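# Results of the structural survey
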Amino acid sequence: MKDIETRVRDLMDKMTLEEKIGQTRQCGPSLVGAFEVDFSELLNMMFDGRISKEKFDELMAGAHQDLKEDDIRAGKIGSFNGVKGAEQVRTIQKIAVEESRLGIPLIIGSDVIHGYRTVTPIPLGESCAWEPSLWERTARISAEEAAADGIKWTFAPMVDVAKDARWGRISEGAGEDALLNGLYGAAKVRGFQTDDPSAKDSIAACVKHFAAYGAVEAGRDYNRVDMSEQKLREEYLPSYKASVEAGALTVMPAFNDISGVPCSCNSMLLTDILRKEWGFKGMTISDANAIAELVNHGAAADNAEAAAKAMEAGMDMDMTSEAYIENLAELIRSGAVSEEALDRAVADILRVKFELGLFDDPYYMAEDDPENHFLKPEYRTLAREAAQKSIVLLKNENVLPLNRGIRLGICGDLAGERAEMTGTWSINAVGDDCVSITDACEAQALPYTWFKTDLTAESGSFETLAKDCDVFIAAIGERKDESGEAASRTSIELPAEQIHMLEKLIATGKPVIAVVFNGRPLALTWVNDNVPAILEAWHPGVEAGNAILDLVFGDVNPSAKLTASFPYNAGMCPVYYDHINTGRPGGRGKFTSKYLDAPLTPVYPFGYGLSYTTYEYSDLQAEVTAEGIQVCVKVTNTGACAGDEIVQCYFRDPVAERVRPVRKLAAFDKITLQPGETKAVSFLIKKEQLGYWNSKMQFVVDSGDIEVYAGGCSTTELKAVVTI
Ligand code: BGC
């Protein structure tokens, strides 16, 4: 068979200008009904109160989907997002393959972010497992389910380093560290695509949102990003680069601008860095409507100029704005956009379609009912494992683990609401697939009473029933729509009614365990001060209740560690471990870098997490080698039960031309230790990890001292110094 490049060229030779432009268009099915505005406007009308929710539902009930079949037939569509189910995909694919002039298959995309039907923990939660092989395995089952249902492309992984808990989308990535996000992204790419993206159950990954979307000013979604190129390259680009190097077939530029140039028309990002420096050969797709939004940014006068700027910058496909399909032909005829730019875009798109095997097997979806491929027992087992490894034990004053047989007071609405367990971006989830805490208690026939957040219960008053409870498990935190896209917050404290519930529980004098569900680090200051045991559960997915009880009863020893700092309050945001020192590091003195009304440090730092056992670190050795710094540290399980410990290695370059962070994560490992057991753990800090961009934009590795740290948290003081 001819190689892919030849097949791409042969096909392009046959294409008309209109057919080429058609390939750059991704659309969704439009909703048609008894309303005159388009669907997104209708949604806005409901959100801003111009129509009631009831009116909206009534209009939706009478609406039907227009799959734009004539446009597919005419070769005017390259891709769809938002098509539901294998049958619908088969229908439109058949039109593309059998009825369009050149038979070019569609590529069907969707946001499969943390599971398709088998929803696993939100990415921020799953990142707390610090386990690339787990991240890869969960991506694999997402791909298997999605492909069975007709999806061949996911808009994931999101690897936006996020240091600001106010930003709702912090939930979708792996937290505040670049290295972790890169490893997370690369693992997801491998899991989605495998070594053979053309396999029936492989789907293309899309690394997003390129770049630095997590740095939006004040944590407000879609806001500006203004930063030096050095900071961009050191703290934000490495996670995208690592994911691209893992072979991601597609990349999605971000909504935001960087230093005044929106990413959607940023040729430095899309051409110079992504393609020329990193050698990316796949395709880029805009974020939803982002090309047309260049007009709102003030970067283009109208959609035509927006299309021209995006295309020339290196944006291959237009997600739903229609700026390309409506303007490119004229722009090319007038010479405002070069034909080479369009040809590059079309070649990128076709290359991905060939690599995905779409020309050879456009009907990769399940032939039987896709339901047969969802939620297999082994998928549920993996979802449970992922949740167990994501839940962080934040505090434990001799409360956990509990003995079975104890009478439980399960408190809070979230303890019984299945659909809330899926978290943000779980568009194919079915709420009833989830096991809530009360479901798990029921299934295990545990003696329990469920109180709602206002402490009402079905079978009697709190005062009477609480006497029969030995311990309270209080489900607190956020609902799933309180994080994710367009869900930024200026207050990240718990709602008053949850604090009120906790106060009443504490007043009983019985032990209270807080189980926190959330999509972002919350300001758990009050909870930390008042509640003796805290489990950070995130939104844990379909096996939520089972995994939580596994930890509560000690069947599984908690091992997860935070990948994002938990601020004292929102005013402290952004707060992160790899900050610089300033000339007046925070301390006791008046004129130091600190707040008058809050401590300097977060409530829980990056890398923090407890276990039912304890670990001791000793004997840190560091030695300079030709490759970098060889590090070895001993870790001993000093407690009474076996456990998994995430061993972390950091470094600091204490004197440099451009000041360096006080700590930088260099490597980590997860080890299992039996009680009393000691293991030596080795790391290599590669020479290039020590480097940075100097003021002249040269990448340099300084000679001089390097401090090396190892321990179970970013605050570890165990240190060795080497000279390079
Ligand atoms: C989000 C993307 C997502 C896209 C497609 C956008 O609003 O920013 O992350 O992939 O929608 O659904």
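Residues numbered from 1 in each chain as written. Predicted model: local features only at pLDDT ≥ 70, side-chain atom pairs only at ≥ 80, totals over all residues. Heavy atoms only, no water.

## As for the pattern of salt bridges
Let me state the cut-off plainly: A pairing counts as a salt bridge when a side-chain nitrogen of Lys or Arg comes within 4 Å of a carboxyl oxygen of Asp or Glu. Only DSSP runs of H or I reaching four residues or more are called helices, and only runs of E reaching two or more are called strands; each is numbered from the N terminus.
The final tally for this structure, using the stated rule, is 60 salt bridges. Notably, a salt bridge pairs Glu 58 with Lys 55, separated by 3.5 Å at the nearest N-O pair. Of this pair, Glu 58 and Lys 55 both sit in helix α4 (residues 53-61), three residues apart, which is roughly one turn of the helix. Between Arg 275 and Asp 348 there is a salt bridge, with the nearest N and O atoms lying 3.0 Å from each other. In this pair, Arg 275 sits in helix α11 (residues 267-277) while Asp 348 sits in helix α15 (residues 339-355), placing the two residues 73 residues apart along the sequence.

## Points about the side chain of Lys 163
Our working rule: A 3.5 Å cut-off defines polar contacts: any pair of N or O atoms within that distance qualifies, except that in protein one atom must be a possible hydrogen donor and the other a possible acceptor, and neighbouring residues in sequence count only when both atoms are side-chain atoms. In what follows, residue pairs with any heavy atoms lying within 4.5 Å of each other are defined as contacts.
By the element assignment, Lys 163 lies in the loop between β6 (153-154) and α9 (178-193). Only 3.5 Å separates the side chain of Lys 163 from the side chain of Asp 578, close enough to count as a polar contact. Apart from the residues within four sequence positions on either side, Lys 163 is in contact with Glu 176, Gly 214, Glu 235, Tyr 236, Pro 574, Val 575, Tyr 576 and Asp 578.

## Observations concerning the packing of aromatic side chains
Basically, it comes down to this: Two rings from Phe, Tyr or Trp (for Trp, the six-membered ring) form a pair when their centres are within 6.5 Å of each other. A pair whose planes differ by under 30 degrees is stacked, one over 60 is edge-to-face, and the rest are tilted. Partly exposed describes any residue whose relative accessible area lies between the buried limit of under 20% and the exposed limit of over 50%, with all areas from a 1.4 Å probe on protein chains only and scaled to the type maximum. Whether a charge sits over a ring depends on NZ of Lys or CZ of Arg being within 6 Å of the ring centre and within 35 degrees of the ring normal.
Evaluation of the coordinates by the stated rule reveals 19 aromatic pairs. Pairing Trp 130 with Phe 668 gives two aromatic rings, centres 5.1 Å apart and planes at 85 degrees, and the pair type is edge-to-face. You can see Trp 130 sitting in the loop between α7 (123-127) and α8 (132-148) and its partner Phe 668 sitting in strand β22 (residues 664-673), a full 538 residues away along the chain. By relative accessible area, Phe 668 is classed as buried at 15%. Taking 5.4 Å as the distance between ring centres and 15 degrees as the angle between the ring planes, the aromatic pair formed by Tyr 604 and Tyr 608 counts as stacked. Per residue, the accessibility class of Tyr 604 equals that of Tyr 608, and both read buried. Grouping aromatic residues by their ring pairs yields a cluster made of Trp 130, Tyr 577, Phe 606, Tyr 650 and Phe 668. Lying across the ring of Trp 425, Lys 208 places its NZ or CZ 5.7 Å from the centre.

## Some thoughts on the sheet that holds β6
Worth spelling out the cut-off: For two strands to be treated as a pair, DSSP must find no fewer than two bridges joining them.
Across the sheet, five strands lie side by side as β6-β5-β4-β1-β12; this open sheet has parallel pairing. The strands lining the two open edges of the sheet, one partner per strand, are β6 and β12 (318-319). Bridging between strand β1 (residues 25-27) and β12 involves two bridges; their strand directions are parallel. Residue pairing across strands places Gln 26 opposite Met 319, the latter belonging to β12.

## Focus: the environment of Thr 381
Structurally, the position occupied by Thr 381 is in helix α16 (residues 377-390). Taking the relative accessible area as the measure of exposure, Thr 381 reaches 54% and is therefore exposed. It is 8.3 Å that separates the C-alpha atoms of Thr 381 and Glu 543, two residues lying 162 residues apart in sequence. Engagement of the side chain of Thr 381 in a polar contact is seen with the backbone oxygen of Pro 377, the distance being 2.9 Å.

## Observations regarding the pairing of strand β7 (residues 206-210)
The two faces of the sheet receive side chains in turn, since in a regular strand these alternate between them. Quick note on the threshold: When the strands point away from the viewer, a crossover counts as right-handed if the path from the first strand over the helix to the second runs clockwise.
The buried count for β7 comes to five of five residues, which makes it a mostly enclosed element. The pairing of β7 with strand β8 (residues 250-253) spans four bridges and is classified as parallel. Looking at the pairing, Lys 208 lines up with Met 252 of β8. Regarding the hand of the β-α-β motif, the stretch spanning β7, helix α10 (residues 229-245) and β8 is right-handed.

## What to know about the packing of helix α13 (residues 303-313) against helix α14 (residues 323-333)
How we decide: With axes taken as lines fitted to C-alpha atoms, and helix axes fitted only over the stretch in contact, angles between N-to-C directions fall between 0 and 180 degrees. Every angle not falling under 35 degrees, over 145, or within 65 to 115 is termed oblique; those three ranges are roughly parallel, roughly antiparallel and roughly perpendicular. In this count, Pro and Cys sit with the nonpolar residues alongside Ala, Val, Leu, Ile, Met, Phe, Trp and Tyr, while Asp, Glu, Lys and Arg are called charged and the others, Gly among them, polar.
Between α13 and α14, the least distance of the axes is 9 Å, while the angle of their chain directions is 80 degrees. One element, α13, and the other, α14, form an angle in the roughly perpendicular class. Contact with α13, carried on its side by Asn 303, Ala 304, Ala 307, Ala 308, Ala 310 and Met 311, involves Ala 323, Tyr 324, Asn 327, Leu 328 and Leu 331 of α14 and no other residues of that element. Grouping the constituent residues of the contact of α13 with α14 by class yields nine nonpolar, two polar and no charged.

Geometric values such as these leave the question of function open.
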